[in-house]
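Remarks on the overall topology
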Amino acid sequence: MDWRWDFTFDTVLPRILPGLWVTVEVTFLSFILTLVLGLVLMLARRSRSRIISFAAGEFIEFMRGMPLLVVIFFLFFLLPEVNIYLAPFWTGVLAMGIYNAAPAAEIMRGGLQAVPKGQWEAAHALNYSTYRTWRNVILPQAIGPVVPGLGNLLILAFKETPLLSFVAVPEMPDAARRIASETYRFTEPLTVVGILFLILSLASALLIRLVERHMLTENRYAK
Amino acid sequence: MQRSPIVVLVPIAFLVGLYFAVFSSVAEFLPALLNGLTVTIKVAVPSVLLAYLISVVAGLGRLAPIGPVRWASAIYIEVFRGVSLLVILFWLYFVLPEFGLTMSAYTAALLGISLNAGAYGAEIVRGAVQAVPKGQYEACTTLNYPVWHKYTRIILPQALVIAVPAMTNMTIELLKGTALVSAVTLVDLTAAGVRQNQMTYRTVEIFSVLALIYFCLAQVVRFSGVRIEQFFNRHLGAD
Amino acid sequence: MPNEKIRFEGVTKRYGALTVLDKLDLSINEGEVVTIIGPSGSGKTTVLRCLMTLESIEDGVIRIDGEPLNMMERDGTLVPASTGHLRKMRRKLGMVFQSFNLFPHLTVLQNCAEPPVLALGVKRDEARKRAQELLEMVGMSDKHAHYPAQLSGGQQQRVAIARTLAMQPDILVFDEPTSALDPETIEEVTSVIRALAVKHSYTMLMVTHQIDFAHDISDRICFFDKGRIVEQGPPAAVIDAPSEARTQQFLSKVAQAR
Ligand SMILES: Nc1ncnc2c1ncn2[C@@H]1O[C@H](COP(=O)(O)OP(=O)(O)OP(=O)(O)O)[C@@H](O)[C@H]1O
Ligand SMILES: [Mg+2]
């Protein structure tokens, strides 16, 4: 093996770091979409209409068995056929946003289910409005288990962004692959990408643990 | 999680698939997809077994009383959970040869997938072992159980039951992970679908069939998990 | 002069800054039934857990049949006990837990027959036969194929007692054996323990909040407070005519609660 530091610093890093920025952008933009779609799905799942609730439940189950890559390719091929022309970047954001909506819905539902039924009844007995019930009674209690769950989902989303390199979104592995195919050197670009991923996901996992602990001490409702 | 409608849906899905295969233009690309499916299964099945093995070894290693064993397990778990599966696959297939370790695409796929899933599984196993009530450990101590029997007869059988639902999810994630093996030149179900799409442009049909097949595979895993859980619960008299 | 079976010498146990047992001295003779009573948090459970080697102790020695438990003699000095020594000493001890701690994935019979095979090397057939006899004794032989989750609390505790006896200990230790039970099933467990205390020669150390039951079966009562023995003696003295103010106060509170 020969590892070339000059190559690493002069060629690899300057070309991969912009990819890192794309990775972060995709992660956050798609996650916003995930939260919105997840909320909609979760509400549909809890709907009083049994058809809507059943359909949402089956859709969630269906999406959970579907590889992200299939979703990405499907949108990538389908959208142009129906005359929607998006940059690969935005197709990627869309695909990841949709893909993670199902687990997000389940996490949110889990948080709501963790609030005892008596709390709803107590709010009702106190004659709280729907808004006050959610704002002052339900959400403060549901948020505890939801935040770490969604945080972990965010990390998972971050680790899934490399899949977008399959459709040439210029994030890290894609950049690494371009360098490799130009210079015939795989070691430095791929190792740098691996290390960057490791650092970022360890750091974000740590961050989530800190937030979780902060919430446990802040949140008087938690055990 | 009990999902009886799903169990009904699986045969229906197969019937729909059969209909497509026989009566429509799906017949054009279905053989290629089925070839891809065999690759997916050939990668998935051994990966699942290897991942389970790794999960137990690394999960227990994480709790071992010997420091270096514990640290090694922790490092393995953090690294292989922290890095994307795609990056791991690239690394095994393209970088390791630079270190003098060349492996076939199939081996790289199998290793990459099971090392990645095994790291998640190890955390599941660790959590499950820790979830066995403290009283069970204390009963073993007061009854003078040897360490080996304490784990094989008392702790692990109980941990196994606790781990089943999470392990089911891990297995489904692993299955989804096999869609990435085209990164190391294997033509699995997804890759076959993409190729066929580039030739025939029947995007909706091809991807419906892909989704249906993945859905069925996931349901098989989910259903087996539920059955295993039921089996254990019956044994524990919890029903 | 009866044989001394268990001896606590200046035993001190701390959790961080909290001293739970404070230079405890306690001696129990062979065949004696001793019951510890006292307010919650006074360290009763801790005494039993230290004896069972489930907790380490910071200072002092516990002796069984004159031999140190947490230490062992080597070349005339006391060194911390090896695993082998602990295993040997624990053979003499059997514990019944407040929460039963039966193995949920094993049947009643397996719960009682497996430990002697794995820990003592008893033959499988022999262990089964003995387990069946013991289940008969505690009145659980008809449920031998059930799993613990299918039994009531009182039934589980009787099985747990049979499991403990299957290990053939000399000393039986009970930590509030009836506290997790419904009122109507307490009697079935206390009658089994009573039979053990009266008909057999076990040395018994028990913690309970059932003062009447303790009065019935004990040779000696120890009243515990803040990790020390405040008062001890025969039930007729400690329970019926306590001399310490602290004991009187505790007993009147218990009497009120009933
Ligand atoms: N693992 C532990 N860590 C820290 N403190 C502990 C621990 N176990 C017990 N303690 C403390 O030691 C003290 C004595 O506990 P112990 O369980 O012996 O009380 P007890 O007399 O059995 O009470 P109870 O009647 O409620 O069972 C208590 O103040 C308890 O909080
Ligand atoms: Mg206690």
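Residues numbered from 1 in each chain as written. Chains lettered and ligands numbered in written order. Predicted model: local features only at pLDDT ≥ 70, side-chain atom pairs only at ≥ 80, totals over all residues. Heavy atoms only, no water.

Time to look at the overall build of chain C. Within chain C one finds nine helices and twelve strands. Relative to its length of 258 residues, chain C is compact, with a C-alpha radius of gyration of 19 Å against a globular reference of 18 Å. Dimensions of chain C along its principal axes, counting C-alpha atoms only, are 55 × 50 × 40 Å. Looking at the 258 residues of chain C, the share that counts as buried comes to 53%. Of all intrachain contacts in chain C linking residues separated by at least 6 positions in sequence, the fraction that spans at least 24 positions is 63%. As presented, chain C carries roughly 11500 Å² of accessible surface, and 47% of it is formed by carbon and sulfur atoms. Of the charged side chains in chain C, 30 are positive and 33 negative; the average position of the first set lies 4 Å away from that of the second. (Helix = DSSP H or I, 4+ residues; strand = E, 2+ residues; numbered from the N terminus. Rg over C-alpha atoms; globule rule 2.2 N^0.38 Å. Buried < 20%, exposed > 50% of the residue type's maximum accessible area, 1.4 Å probe, protein only. Contact = heavy atoms within 4.5 Å. Areas by Shrake-Rupley, 256 points an atom, 1.4 Å probe, with all protein chains shown as cover. Lys, Arg positive; Asp, Glu negative; His and termini not counted. Charge placed at Lys NZ, Arg CZ, Asp CG, Glu CD.)

Residue and element names in this part refer to chain C. Neighbouring ligand 1 are 13 residues, the closest being Ser-40, Gly-41, Lys-44, Thr-45 and Thr-46. Separating an oxygen atom of ligand 1 from a side-chain N or O atom of Thr-45 is a distance of 2.6 Å. With the chains in place, 60% of the 640 Å² that ligand 1 exposes on its own is no longer accessible. Secondary-structure elements contributing two or more residues to the shell around ligand 1 are strand 2 (18–29) and helix 1 (44–51). When residues in the shell around ligand 1 are grouped by element, the largest group, three residues, is from helix 1. Of the residues contributing to the shell around ligand 1, the split by class is four nonpolar, seven polar and two charged. (Near = heavy atom within 4 Å. Polar contact = N/O pair within 3.5 Å; in protein donor to acceptor, adjacent residues only side chain to side chain. Nonpolar A, V, L, I, M, F, W, Y, C, P; charged D, E, K, R; others polar.)

A separate point is the packing of helix 1 (residues 5–45) of chain A against helix 8 (residues 172–183) of chain A. All names here are of chain A. With their axes 7 Å apart at the nearest point, helix 1 and helix 8 run at an angle of 150 degrees to one another. Between helix 1 and helix 8, the angle falls in the class roughly antiparallel. You can see that helix 1 and helix 8 cross each other, and the crossing is right-handed. Contact residues: helix 1 offers Phe-7, Thr-11, Val-12, Arg-15, Ile-16, Gly-19, Leu-20 and Thr-23, while helix 8 offers Met-172, Ala-175, Ala-176, Arg-178, Ile-179, Glu-182 and Thr-183. (Axes fitted to C-alpha atoms, helices over the stretch in contact; angles between N-to-C directions. Parallel < 35°, antiparallel > 145°, perpendicular 65-115°, else oblique. Left-handed = near helix turned anticlockwise from the far one by under 90°.)

Okay, the packing of aromatic side chains next. Taken as a whole, this structure holds 15 aromatic pairs over all chains when the rule is applied. Ring centres 5.9 Å apart and planes at 10 degrees place the aromatic pair A:Phe73 and A:Phe77 in the stacked group. In this pair, A:Phe73 and A:Phe77 are both assigned in helix 3 (residues 68–81), four residues apart and thus about one turn of the helix distant. The pair formed by A:Phe73 and A:Phe77 is uniform in burial state, with each residue classed as buried. Centroid distance B:Phe90 to B:Phe94: 5.9 Å. Interplanar angle 50 degrees. Geometry classified as tilted. Placement of both B:Phe90 and B:Phe94 in helix 4 (residues 85–95) is noted, with a separation of four residues, approximately one turn of the helix. Judged by its relative accessible area of 3%, B:Phe90 is buried. Taken together, the aromatic side chains of A:Phe73, A:Phe74, A:Phe76, A:Phe77, A:Phe166 and B:Phe207 make up a single cluster linked through ring pairs. Geometry around A:Tyr128 places A:Arg132 over its ring, the cationic atom sitting 4.8 Å from the centre. (Phe/Tyr/Trp six-rings, centres within 6.5 Å; stacked < 30°, edge-to-face > 60°. Lys NZ or Arg CZ within 6 Å of the ring centre and 35° of its normal.)

Let us now look at the sheet that holds strand 1 (residues 4–15) of chain C. Residue and element names in this part refer to chain C. Here we have four strands laid out as an open sheet, ordered 2-1-4-5, and antiparallel in their pairing. The open sheet is flanked by strand 2 and strand 5 (67–68), the only strands paired with a single partner. With eight bridges connecting them, strand 1 and strand 2 associate as antiparallel partners. Paired with Glu-4 across the two strands is Asn-29, which belongs to strand 2. (Pairing = 2+ DSSP bridges.)

Further remarks concern the state of the cysteines. Per the counting criterion, the structure on display carries zero disulfides over all chains. Free of any disulfide, C:Cys222 has its nearest cysteine sulfur in C:Cys50, 15 Å distant. (Disulfide = S-S within 2.5 Å.)

Now for the confidence of the model for chain C. Confidence in the prediction for chain C averages 89 pLDDT; 99% of positions are at 70 or higher. At the level of chain-chain contacts, confidence expressed as ipTM amounts to 0.89, with global pTM at 0.84. (pLDDT = per-residue confidence, 0-100.)

The subject of this paragraph is helix 5 (residues 101–113) of chain A. Residues and elements named next belong to chain A. Taking 1.5 Å per residue as the helical rise, helix 5 with its 13 residues ought to reach 18 Å, and the 18 Å between its terminal C-alpha atoms agrees with that figure. Of all the positions in helix 5, only Ala-101, Ala-102, Pro-103, Ala-104, Ala-105, Met-108, Arg-109, Gly-111 and Leu-112 are classed as buried. Of the surrounding elements, those touching the buried residues of helix 5 are helix 1, helix 2 (50–64), helix 4 (88–99) and helix 7 (130–160). (Expected span 1.5 Å × (residues − 1).)

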